[in-house]
Amino acid sequence: MPIYDSLKQSLADLQSQSLLRQRRIVDSPCGPEIEIGGRRLLAFASNDYLGLAGKPALATAAQKAAKRWGAGAGASHLVSGHYSAHDALEKRLAEFVGLPAAISFSTGYMANIAVMPALLSRNDAIFADRVNHASLVDGALLARAELHRYPHGDLKALEGALIASGSRRKLIVSDTVFSMDGDVAPLAGLLELAERFDAWLLLDDAHGFGVLGPQGRGALAEAGLQSERIIYMGTLGKAAGVAGAFVAGSQDLVDWLVNTARAYIFTTAAPPMLAETLLAAVDLIEQADTQRAYLQKLIAAFRHGMQGTRWTLPDSRTAIQPVIVGDNAEVLALARALDDAGFWVPAIRPPTVPAGSARLRVSLTAAHTLKQVQALTAALQTLSAAA
Ligand SMILES: *Cc1c(COP(=O)(O)O)cnc(C)c1O
């Protein structure tokens, strides 16, 4: 079929550049020790930072929730799919992150493509950190506003772009914890600029919610920031261990999103059983200060154990610990060698990260043991010496 010729060629091109992606089929619950194709691997690959995804207590909560609510929502939120479980979850999440109101979404990707088009249009402007998550880029494109991408973490460049902008409505958008680098955005500086230029500040706390701040209340709580100018987005499939996302902010913001956010309105609501399960997950997050302190110990142990390898470890104090390798083929070879040694660490390549910065993305969770982290650094030391 001629229509497939160019597709086949493009797939072959990806293959030849070491950029072809393939999914691995996991045959056990999410956790440090997983089964793939009959083999046991020690995984440093998930965003399940507190180890809740496979936790029996949360699975029990899910069973109870399924008994109470059945499997599905049956309709979108504005038709008949908005249940008391969703309502309770939204109130709990808003209170938990310290903002007046919240709206829940099926996924973080959907939340991010919903918010910007609801708030901005052609004559407006969006100011985005260059390494923001892809869903934030897509949200900005859907809004059709002018898009300024400033160099990573560069408040001076952002200030310059804000000064130069004649747009009426402005929105600054940033990951709080950058998903492929693990560093934390300069949140106080971003808020100061948002205030000075009367802009909104959209913060994507996918990797901070549940992990940062007292009781895991997220990046805002950790930084001690509060403002109705902030639009806070948290995801519920990472540290919360289930699925979904929420946007928190002023009551007016939430009312507006309920009325205009297309990725909220034109989709079936997430099952109420998930909302109820998530209420249990928030309780577990709140009680997990010990696990968060342990995670910090593992992060320190990993960084200590990596000293002297041939690769660069960027500054990251979070559970996301990239090991920068550079070349696509080299990072794949390294991931394969780790696999042979019984470890699963994902190789992250362009376009997920900039060309020439292919990396291993080690992610640590409170469910790992110190011994497991030390086994990984020992394996990496051996591979570094052999290369
Ligand atoms: C994972 C992620 C998302 C998307 O969230 P999902 O719930 O997985 O769709 C959005 N932003 C960032 C920074 C992420 O890491």
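Draft legend 1. Spotlight on empty space enclosed by the protein. Enumeration according to the criterion identifies 3 cavities of 30 Å³ or more in this entry. When its volume is computed, the largest cavity comes out at roughly 100 Å³. Top contributing element to the lining of the largest cavity by residue count: helix H11 (residues 272-286), with 3 residues. Grouping the constituent residues of the lining of the largest cavity by class yields 10 nonpolar, 5 polar and no charged.

Draft legend 2. View of a nonpolar patch on the surface. Taken together, the side chains of Met1, Ile3, Tyr4 and Leu7 make up a nonpolar region of the molecular surface, amounting to roughly 510 Å² of accessible area. Looking at the element boundaries, Leu7 is found in helix H1 (residues 5-16).

Draft legend 3. A look at the sheet that holds strand S1 (residues 33-36). With mixed pairing, 3 strands are arranged side by side in an open sheet as S1-S2-S11. In this open sheet, the two strands that pair with only one neighbour each are S1 and strand S11 (343-344). Alignment of S1 against strand S2 (residues 39-43), held across 4 bridges, turns out to be antiparallel. Looking at the pairing, Glu35 lines up with Arg40 of S2.

Draft legend 4. Representation of the packing of aromatic side chains. Using the criterion set out here, one finds 5 aromatic pairs in the structure. On the basis of an interplanar angle of 75° and a centroid distance of 5.6 Å, the ring pair of Trp69 and Tyr83 is categorised as edge-to-face. Residue Trp69 is found in helix H2 (residues 56-69), and its partner Tyr83 is found in the loop between H2 and helix H3 (84-97); the two are separated by 14 residues along the sequence. When the ring of Phe105 is compared with that of Tyr264, the centres are 5.5 Å apart and the planes differ by 70°; the resulting orientation is edge-to-face. In this pair, Phe105 is assigned in strand S3 (residues 101-105) and Tyr264 in helix H10 (residues 262-265), connecting sequence segments 159 residues apart. Given the relative accessible area of 5%, Phe105 is considered buried. Taking the relative accessible area as the measure of exposure, Tyr264 reaches 4% and is therefore buried. The rings of Phe96, Phe209, Tyr232 and Phe246 are connected pair by pair, giving a single aromatic cluster. Over the aromatic face of Trp344 sits the side chain of Arg24, whose NZ or CZ is 4.9 Å from the ring centroid.

Draft legend 5. View of the sheet that holds strand S8 (residues 230-235). Across the sheet, which stays open at both edges, the 7 strands sit in the order S3-S9-S8-S7-S6-S4-S5 with mixed pairing between neighbours. At either margin of the open sheet sits one strand with a lone partner, and together these are S3 and strand S5 (146-150). Here the strands of the sheet are splayed against their neighbours by 20° on average, with no regard to which way each runs.

Draft legend 6. Region of the structure containing the domain arrangement of the protein chain. When the domains of the protein chain are assigned, the result is domain 1 (19-50 + 289-386) and domain 2 (56-286). Computed from C-alpha atoms alone, the centre-to-centre distance between domain 1 and domain 2 is 27 Å. On the side of domain 2, 22 residues touch domain 1, which itself brings 18 residues to the contact. Taken over both partners, the interface formed by domain 1 and domain 2 buries close to 1,500 Å², and the fraction arising from carbon and sulfur atoms is 56%. Its largest share of buried area at the contact with domain 2, domain 1 owes to Tyr49, Arg292 and Arg317, together 30% of the area lost on that side. At the boundary of domain 1 with domain 2, the tally comes to 2 salt bridges. Ionic pairing is found between Arg359 and Asp181, a salt bridge with its closest N-O pair at 3.1 Å. The tally of links from domain 1 across to domain 2 stands at 11 residue pairs in polar contact (both at pLDDT 80 or more).

Draft legend 7. Representation of the pairing of strand S9 (residues 245-249). Within S9, 5 of the 5 residues are buried, leaving the element largely enclosed by the surrounding structure. Along S9, one buried face is formed by Ala245, Val247 and Gly249 and the opposite face, lined by Phe246 and Ala248, is buried too. Two elements, S3 and S9, share 5 bridges in a ladder whose sense is antiparallel. Along S9, the bridge assignment pairs Ser104 with Phe246. By the bridge criterion, 4 bridges tie S8 to S9 in an arrangement that is antiparallel. Paired with Tyr232 across the strands is Ala248, a residue of S9.

Rules of the game
Residues numbered from 1 in each chain as written. Predicted model: local features only at pLDDT ≥ 70, side-chain atom pairs only at ≥ 80, totals over all residues. Heavy atoms only, no water. 1 Å grid on protein atoms, 1.4 Å probe; cavity = no way out; pocket = protein on both sides within 12 Å on 5 of 7 lines; lining within 4 Å. Points joined across faces, edges and corners; volume = space filled by probe spheres on them. Helix = DSSP H or I, 4+ residues; strand = E, 2+ residues; numbered from the N terminus. Nonpolar A, V, L, I, M, F, W, Y, C, P; charged D, E, K, R; others polar. Patch = residues over 30% accessible without salt bridge, like charges linked within 9 Å, V, L, I, M, F, W, Y side chains within 5 Å. Areas by Shrake-Rupley, 256 points an atom, 1.4 Å probe, with all protein chains shown as cover. Salt bridge = Lys/Arg side-chain N within 4 Å of Asp/Glu carboxyl O. Pairing = 2+ DSSP bridges. Phe/Tyr/Trp six-rings, centres within 6.5 Å; stacked < 30°, edge-to-face > 60°. Buried < 20%, exposed > 50% of the residue type's maximum accessible area, 1.4 Å probe, protein only. Lys NZ or Arg CZ within 6 Å of the ring centre and 35° of its normal. Axes fitted to C-alpha atoms, helices over the stretch in contact; angles between N-to-C directions. Domains from an automatic or database assignment. Contact = heavy atoms within 4.5 Å. Buried area = accessible area lost by both parts, 1.4 Å probe. Polar contact = N/O pair within 3.5 Å; in protein donor to acceptor, adjacent residues only side chain to side chain.

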